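Residues per chain, in single letters:
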Amino acid sequence: MQNNKYFTDLDKQHYLQVYGRYPLAIKKAKGCKVWDYDGNKYIDAFAGIAVNNIGHNHPRLVKAITKQLKKLIHISNFYVSKPQVMLAKKLTEISGLERAFFANSGAEANEGAIKLARKYSHSKGKGGTIISLENCFHGRTLATLATGKEKYQLGFEPIPTGFKKVAWNDITALSAAIDKETAGVILEVIQGEGGVNILSKEYLTKVRDLCNEKDIVLICDEVQCGMGRTGKFFAYEHFGIKPDIITLAKGLGGGMPIGAILTNQKIADAITFGEHGTTFGGNPLTSAAALETILILEDEKLLDAAIEKGNYFVKKLKEIALVHKEIKEIRSLGLMIGVELSFPGRELAEKMLHKGVLSNCTADNVIRFVPPLVISKKEMDFVLSIFIESLKEVKA
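Note that the structure is predicted; figures quoted are calculated from it, not measured.

Participant: I tried to follow the sheet that holds strand 12 (residues 259-263) on my own but got confused; where do I start?
Facilitator: The pairing of strands in a sheet happens through backbone hydrogen bonds and is either parallel or antiparallel. With mixed pairing, the seven strands of this open sheet are ordered in space as 4-12-11-10-7-5-6. Two strands bound the open sheet, and with one partner strand each, they are strand 4 (99-103) and strand 6 (163-166). Strand-to-strand twist of the sheet, defined as the mean angle between neighbouring strand axes without regard to direction, takes the value 20°. Summarising the sheet, strand 10 (residues 217-221) and strand 11 (residues 245-248) pair through three bridges and their orientation is parallel. Of the residues in strand 11, the one forming a bridge with aspartate 221 is threonine 247. Those strands touched by helix 4 (residues 82-95) are strand 4, strand 11 and strand 12, and its axis lies near 125° from that of strand 4. Running at roughly 165° to strand 11, helix 5 (residues 106-123) makes contact with strand 4, strand 5 (129-133), strand 6, strand 7 (182-187), strand 10, strand 11 and strand 12 of the sheet.

Participant: Any chance you could explain the side chain of arginine 331 here in plain terms?
Facilitator: For arginine 331, the location among the structural elements is in strand 13 (residues 327-333). The class for arginine 331 is buried, based on a relative accessible area of 12%. Of note is the side chain of arginine 331, whose polar atom sits 2.8 Å from the backbone oxygen of glycine 195. A polar contact is formed between the side chain of arginine 331 and the backbone oxygen of valine 196, at a distance of 3.0 Å. Not counting residues within four places of it along the chain, the set of residues in contact with arginine 331 comprises Gly195, Val196, Asn197, Met336, Ile337, Gly338, Glu340 and Val366.

Participant: Please clarify how a nonpolar patch on the surface should be interpreted in this entry.
Facilitator: Together, Tyr15, Leu16, Val18 and Tyr19 make up a nonpolar patch on the protein surface, roughly 470 Å² of accessible area in all. Of note, valine 18 is situated in the loop between helix 1 (4-14) and strand 1 (26-30).

Participant: I tried to follow the environment of threonine 278 on my own but got confused; where do I start?
Facilitator: Inspection of the secondary structure puts threonine 278 in the loop between helix 10 (265-268) and helix 11 (284-299). Residues threonine 278 and alanine 103, 175 residues apart in the sequence, show an inter-C-alpha distance of 6.7 Å. Non-local contacts of threonine 278, meaning those with residues more than four positions away in its chain, are made with Asn77, Phe101, Phe102, Asn104 and Glu108.

Participant: What am I meant to see in the sheet that holds strand 16 (residues 360-362) here?
Facilitator: Read from one edge to the other, the open sheet built from four strands follows the order 13-14-17-16, with strand pairing classed as antiparallel. With one partner strand each, in any of the chains shown, strand 13 and strand 16 form the two edges of the open sheet. Adjacent strand axes in the sheet meet at a mean angle of 25° when their direction is disregarded. Direction of pairing for strand 14 (residues 336-341) relative to strand 17 (residues 366-369): antiparallel, over a ladder of four bridges. Bridge pairing in strand 17 places glutamate 340 opposite valine 366.

Participant: Is there a simple way to explain empty space enclosed by the protein in this structure?
Facilitator: Rolled over the atoms, a probe as big as a water molecule pinpoints where empty space is left. This structure, assessed with the given rule, holds two cavities of 30 Å³ or more. Volume-wise, the largest cavity comes out at about 50 Å³. Lining of the largest cavity is provided by 13 residues; of these, Ser76, Asn77, Gly282, Asn283 and Pro284 occupy positions nearest its centre. Of the residues that constitute the lining of the largest cavity, the class distribution is four nonpolar, nine polar and no charged. Forming the boundary of the second largest cavity are Cys136, Phe137, His138, Gly139, Thr144, Leu145, Thr147, Gly148, Lys149 and Tyr152. Here the lining of the second largest cavity gets three residues from one element, more than from any other, and that element is helix 6 (residues 142-147). Residues that form the lining of the second largest cavity fall into these classes: four nonpolar, five polar and one charged.

Participant: Would you mind showing me how to read the packing of aromatic side chains here?
Facilitator: Each aromatic ring pair is characterised by the separation of its centres together with the angle its planes make. Scanning the entire structure with this criterion turns up eight aromatic pairs. Note on phenylalanine 369 and phenylalanine 387: the rings are 5.8 Å apart at their centroids and 85° apart in plane angle, and the pair reads as edge-to-face. You can see phenylalanine 369 sitting in strand 17 and its partner phenylalanine 387 sitting in helix 14 (residues 377-395), a full 18 residues away along the chain. The exposure class of phenylalanine 369 is buried, given its relative accessible area of 1%. Among the aromatic side chains, those forming a connected cluster through ring pairs are Tyr6, Phe7 and Tyr37. The residue whose ring lies beneath lysine 28 is tryptophan 35, and the NZ or CZ to ring-centre distance is 5.3 Å. Over the aromatic face of phenylalanine 163 sits the side chain of arginine 118, whose NZ or CZ is 5.0 Å from the ring centroid.

Reading the values: rules and limits
- Residues numbered from 1 in each chain as written.
- Predicted model: local features only at pLDDT ≥ 70, side-chain atom pairs only at ≥ 80, totals over all residues.
- Heavy atoms only, no water.
- Pairing = 2+ DSSP bridges.
- Helix = DSSP H or I, 4+ residues; strand = E, 2+ residues; numbered from the N terminus.
- Axes fitted to C-alpha atoms, helices over the stretch in contact; angles between N-to-C directions.
- Contact = heavy atoms within 4.5 Å.
- Buried < 20%, exposed > 50% of the residue type's maximum accessible area, 1.4 Å probe, protein only.
- Polar contact = N/O pair within 3.5 Å; in protein donor to acceptor, adjacent residues only side chain to side chain.
- Patch = residues over 30% accessible without salt bridge, like charges linked within 9 Å, V, L, I, M, F, W, Y side chains within 5 Å.
- Areas by Shrake-Rupley, 256 points an atom, 1.4 Å probe, with all protein chains shown as cover.
- Salt bridge = Lys/Arg side-chain N within 4 Å of Asp/Glu carboxyl O.
- 1 Å grid on protein atoms, 1.4 Å probe; cavity = no way out; pocket = protein on both sides within 12 Å on 5 of 7 lines; lining within 4 Å.
- Points joined across faces, edges and corners; volume = space filled by probe spheres on them.
- Nonpolar A, V, L, I, M, F, W, Y, C, P; charged D, E, K, R; others polar.
- Phe/Tyr/Trp six-rings, centres within 6.5 Å; stacked < 30°, edge-to-face > 60°.
- Lys NZ or Arg CZ within 6 Å of the ring centre and 35° of its normal.

Written as structure tokens, this is what we have:
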């Protein structure tokens, strides 16, 4: 019998065991709902780690993918495809940056951004050191591991050199770390895996000024917080700055695997033919999906919805926090919400799962809510009711 247990047992037998999976095999999904192989229904408040911003299986996205499937799936980047160039045009228009490059994931986009920053720095006769912030997460490749937490680096030594890490939201620490070897600064305006930590506007303004003064590259990793999740296409827009490079993935493809690097012309001029590339990045199928995803975000006014729904969700959470003192802090922008608890949150997330809500615990004690931007008030109320119910049970 093909049920949850059948597939989870197969997974344990054959798949590389690198995920602390929940005991759930998902069969199908629509909008904000998913169903498992036992016939149970769940409200998805996790959206595949902030990927399904337009919901699961949006009919327009399915139609766009199906249409492109019948025409052209892959041709390599030795040739031009209409979906890719139209996607590049759209992303440069909404970002105000002049050039786009497509990859397959957020980690690959960040690797490419690091290469671009180093190439620009070397063209100016300087070094290639990249500075990141504590608690950051930019991926799991060796170079992106070098930017991040030590716990993810253990056992994978030697870690690549040419990276520094400084205190979060501390301009003095950043300024002290910059020298003639510095090529760039990479940061998440809102740290997702780090616990939904939001950098201050004052800090970001000073970082931008410092990068301008020292002629070093500012990279904004918008892999999780981009593509409308915070109520703007890019989270940095809330803070009045403009980076030299933006990296994207997750919500960009509506569920299809695609990453992107957007950069200004100054940085783009430093790299030339053959110095970077990819086989699959931005192929016709994924590009068609990403372009349609952006159009859906615009046509359905989902950026405005992210603000409105995020405000409602957080208002209700704050009411819950007045009663349940185990909630230490609520951090949010749009529909990117972190609830910091006074205790480890994995058990709470598991209880919510068993009661019909998909959520996530990150940074050990932060429940992360990143639902599809199409989530309804009724669905939000259900998520909140299950959160309260589960919280009470964990406390008991």
